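Coordinate inspection notes
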Amino acid sequence: MERYIHFADKVSAWFGKAFAWLILVMTFGVGYEVFVRYVLRDPTSWAFDVSYMMYGTLFMMAGAYTLSRDGHVRGDFVYRLWKPKVQAMVELVLYFIFFFPGVIALIVAGTKYASRSWSYTEVSVMSPANVPIFQFKTVIILAGVLLLIQGVAQVFRCIICIRTGAWPQYTEEDVEEMEDVLLREHEKVVLRHGSESIDVVHPQERRDD
Amino acid sequence: MTDPQIAVMMLGIFILVILLGFPIAFTLMAMGVGFGYYAYYDPERMQTLFDNRIFDLFVNQTYSVMANDVLTAVPLFLFMGYIVERANIVDRLFHTLYIASRRLPGSMAVAALLTCAMFATATGIIGAVVTLMGMLAFPAMLKARYDTSFASGVICAGGCLGILIPPSIMLIVYAATSNVSIVKLYAGAIIPGFMLAGLYMVYVVGRAVLNPKLAPKPRPEEIEDISLGQVVFQLATSFFPLAFLILSVLGAILFGLATPSEAASIGALGGLLLAACYRALTWQRLRESVYLTVRTSAMVCWLFVGSWTFSSVFSYLGGEHLISEFVLGLNMSPLAFLLMAQLIIFLLGWPLEWSEIIIIFVPIFLPLLPHFGIDPLFFGILVALNLQTSFLTPPMAMAAYYLKGVAPPHVQLMEIFKGVMPFLSMILLAMVIMYVFPGVALWLPEVFYGR
């Protein structure tokens, strides 16, 4: 089970991170469109289609990665008060009721939708450039499959937690929100200094990484 | 059971599942598909298990989120935010503003508030603003013998301004749910945003004048002796570049020079340039920003995938109709309705975060607005003001928890809450002002775009 979790985390993170770089392409691409419009007075006809496609691909492909890092928002004001074991038991049941049906529906419906689009190599109607969009619709299926793979890993996580009473640790480090990093670092400072830390003031402390 | 009753049951079950803490995006997706399967069930079409129109609806809604031109700006603004967050800009900004305002009463609080407001506007990431300022300005204020509650209120309230003052991601999300033009929303939010920041500022200076013990004047030996030229130079290198970045992004949007997503990508490019100038643009930080951007975008946009499916099934079953009949049956005046709506949103802000409230709960009120003659633009900005409180009110006062997490151990959570209270009343005051003078929000969109 642990090996499967490891495998699924890797797959999700790989796809999520690979497609994450689209944001950089998008930044420069849209910037380029603004440049050619104002400086060269020659706007492109494809930039609009390409920008929403990059946005759509980016967030769809990252759904599983976000799930693997527990990044999907939850109303956790009751949840966080429970013991890990209770959390895992509730979650295990909910995965089967509220996760898999939706994701399987996404894959099934997405397949029908995308294959129809492939059958006549559909192009976008938003602009005259005839930008193809059938590959973009395929993203729905891929995102669904990635979520399915990751969802099974999340179920395994719950099972491990029910057995051992603690959520399994991540095997690999990953980036975290700055506030989480700062909060953890601060905890370390407090632990190191004990009660004297009341007087420890670091106005100039900066995070070096 | 009739269909509308089932719709109400759907909403009830959904709220129950939220309480259990399951990721909301997937709950919405599965419930939309499940109840939709019932709603669109047609025995004549059932060749196989999957011959149900709900699947077409689901995938169409998913695709419309993927191809939504308003939401395209979300990852770009997030990316700009993460880049600016990592540009080593906060300590420079705070130090400079402190020096520039050193003659004012409560100068350090004024500087902290300004830094919070600017940094929050540029990044839009509340947690980062509050923790960074909590580690930088908060100890500095305590060291200058500022009152703990007073100092914590400044940091918490200042850090939350980022979701109100444009370019804010919350307004983009509201635009995508309500179909109000994002450009108009931005124009409308500018004056209320600055008004709230101004009210905070008046409060800080006023309290410091009335009760100098809260914010003692620095001793003469603590004031750095700096010439005017040096102050100007420092402002020019730390304050103006960021201010210029924010203003050019905003200006490009307001004057119609660029769409919000174009302006956001220009902002991200500017952020990269700024970070490079401050020698903070490392490969590591770029990677962090890229990965965090993708995760936060996925969080917000998957919520849309779920909620659009959920809400179309909900209104197909007649739930929307039932709610509006019920509310209209109460014979409320527009003011009473507005108060009720804002009160509900305020209460939802205790346990929930803004993304869930805007994407899931605000759409319940939106169809009712025309009945009461309330402008959705006006309503959206009231909501944006209101949601400032969702970070500041217990039990889920994220801003207070972040500050507590990085503050010295002797700072009590109660002291932080106590310091936040006056700022909550400022938010209330701002909402009252906006209700009495709707022009505060509506004047600027009218000037720019007419009605």
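Residues numbered from 1 in each chain as written. Chains lettered and ligands numbered in written order. Predicted model: local features only at pLDDT ≥ 70, side-chain atom pairs only at ≥ 80, totals over all residues. Heavy atoms only, no water.

1. Quick notes on unusual backbone geometry
Residues and elements named next belong to chain B. For the record, the criterion: Numbering of helices and strands starts at the N terminus; helices are DSSP runs of H or I of at least 4 residues and strands are runs of E of at least 2. Each residue is assigned to one of three classes by its accessible area relative to the maximum for its type, calculated with a 1.4 Å probe on protein chains only: buried under 20%, partly exposed between the two thresholds, exposed over 50%.
The amide bond that connects proline 166 to the next residue, proline 167, takes the cis arrangement and shows omega of 0°. Here proline 167 is to be found in the loop between helix H8 (148–160) and helix H9 (169–178). Here asparagine 88, not a glycine, exhibits a phi torsion of approximately 55°, which is positive. Residue placement: asparagine 88 occurs in the loop between helix H4 (73–85) and helix H5 (90–100). Here asparagine 88 falls in the buried class, since its relative accessible area comes to 15%. You will see that asparagine 179, though not glycine, has its phi angle at about 60°, which is positive. Within the element layout of this structure, asparagine 179 appears in the loop between H9 and helix H10 (182–210).

2. Comments concerning the side chain of threonine 131 of chain B
The line we're drawing: Note on contacts: a residue pair qualifies if any of its non-hydrogen atoms lie within 4.5 Å across the two residues.
Note that threonine 131 of chain B resides in helix H7 (residues 126–143). Each residue touching threonine 131 of chain B, except ones within four places of it in the same chain, is listed here: Glu179, Leu182 and Leu183 of chain A together with Tyr402 and Val406 of chain B.

3. A closer look at the interface of chain B and chain A
The test is simple: Put simply, buried area is how much 1.4 Å-probe accessible surface two parts lose in total, over both of them, once they are put together. Note on definitions: salt bridges are taken to be side-chain nitrogens of Lys or Arg within 4 Å of carboxyl oxygens of Asp or Glu. In this classification, Asp, Glu, Lys and Arg are treated as charged, Ala, Val, Leu, Ile, Met, Phe, Trp, Tyr, Cys and Pro as nonpolar, and every other residue, Gly included, as polar.
Taken together, the contacts link 87 residues of chain B with 84 residues of chain A. Interface area for chain B against chain A, summed over the two sides, is near 7700 Å², with a carbon-plus-sulfur share of 73%. As a salt-bridge pair, arginine 37 of chain A and glutamate 262 of chain B come within 2.8 Å of each other at their nearest N and O atoms. Top element by residues in the side of chain B that touches chain A is helix H13 (residues 283–316) of chain B. It accounts for 19 residues. Tallied by class, residues from the side of chain B that touches chain A come to 57 nonpolar, 18 polar and 12 charged.

4. Observations concerning the packing of aromatic side chains
Under the convention used in this document: Between rings of Phe, Tyr and Trp, where Trp is taken as its six-membered ring, a pair exists when centres lie within 6.5 Å; planes separated by under 30 degrees are stacked, by over 60 edge-to-face, and by other angles tilted.
Within this structure, the stated rule accounts for 35 aromatic pairs over all chains. Taking the centre distance of 6.0 Å and the plane angle of 80° together, the rings of tryptophan 21 of chain A and tyrosine 291 of chain B count as edge-to-face. Separated into two different chains, tryptophan 21 of chain A in the loop between helix H1 (2–20) and helix H2 (22–38) and tyrosine 291 of chain B in helix H13 make up a pair that spans both. Their ring planes at 80° and their centres at 6.3 Å tell us that phenylalanine 59 of chain A and tryptophan 302 of chain B sit as a pair that is edge-to-face. Of this pair, phenylalanine 59 of chain A sits in helix H3 (residues 47–61) while tryptophan 302 of chain B sits in helix H13, which puts the two residues in different chains.

5. Side note on the confidence of the model for chain A
Threshold: pLDDT is a residue-level measure of predictor confidence that goes from 0 to 100.
With 90% of its residues at a pLDDT of at least 70, chain A reaches an overall mean of 83. In the model, residues 194–209 of chain A has pLDDT below 50 throughout and makes 23 contacts with residues more than four positions away in sequence or in other chains.

6. Points about the pattern of salt bridges
This model, assessed by the stated rule, comprises nine salt bridges over all chains. As a salt-bridge pair, glutamate 288 of chain B and arginine 86 of chain B come within 2.7 Å of each other at their nearest N and O atoms. Within this pair, whereas glutamate 288 of chain B is found in helix H13, its partner arginine 86 of chain B is found in the loop between H4 and H5, the two being separated by 202 residues in sequence. Taken together, the salt bridges that share partners define one network made up of Glu33 and Arg37 of chain A together with Glu262 of chain B.

7. What about the environment of isoleucine 374 of chain B?
All names here are of chain B. Along the polypeptide, isoleucine 374 turns up in the loop between helix H16 (354–365) and helix H17 (376–387). Take isoleucine 374: its relative accessible area is 10%, and that puts it in the buried class. Expressed as a C-alpha distance, the spacing of isoleucine 374 and histidine 321, which sit 53 residues apart in the sequence, is 18 Å. Filtering out sequence-adjacent residues up to four positions away, isoleucine 374 remains in contact with Pro334, Phe337, Leu338, Leu369 and Phe379.

8. Concerning helix H11 (residues 228–254) of chain B
Note the threshold: We define the bend at each residue as the angle formed by axes fitted to the 7 residues ending at it and the 7 residues starting at it.
Its maximal kink placed at alanine 236 of chain B, H11 of chain B deviates by approximately 40°. Note on H11 of chain B: the residue one or two positions beyond its end, glycine 256 of chain B, has a positive phi of about 70°.

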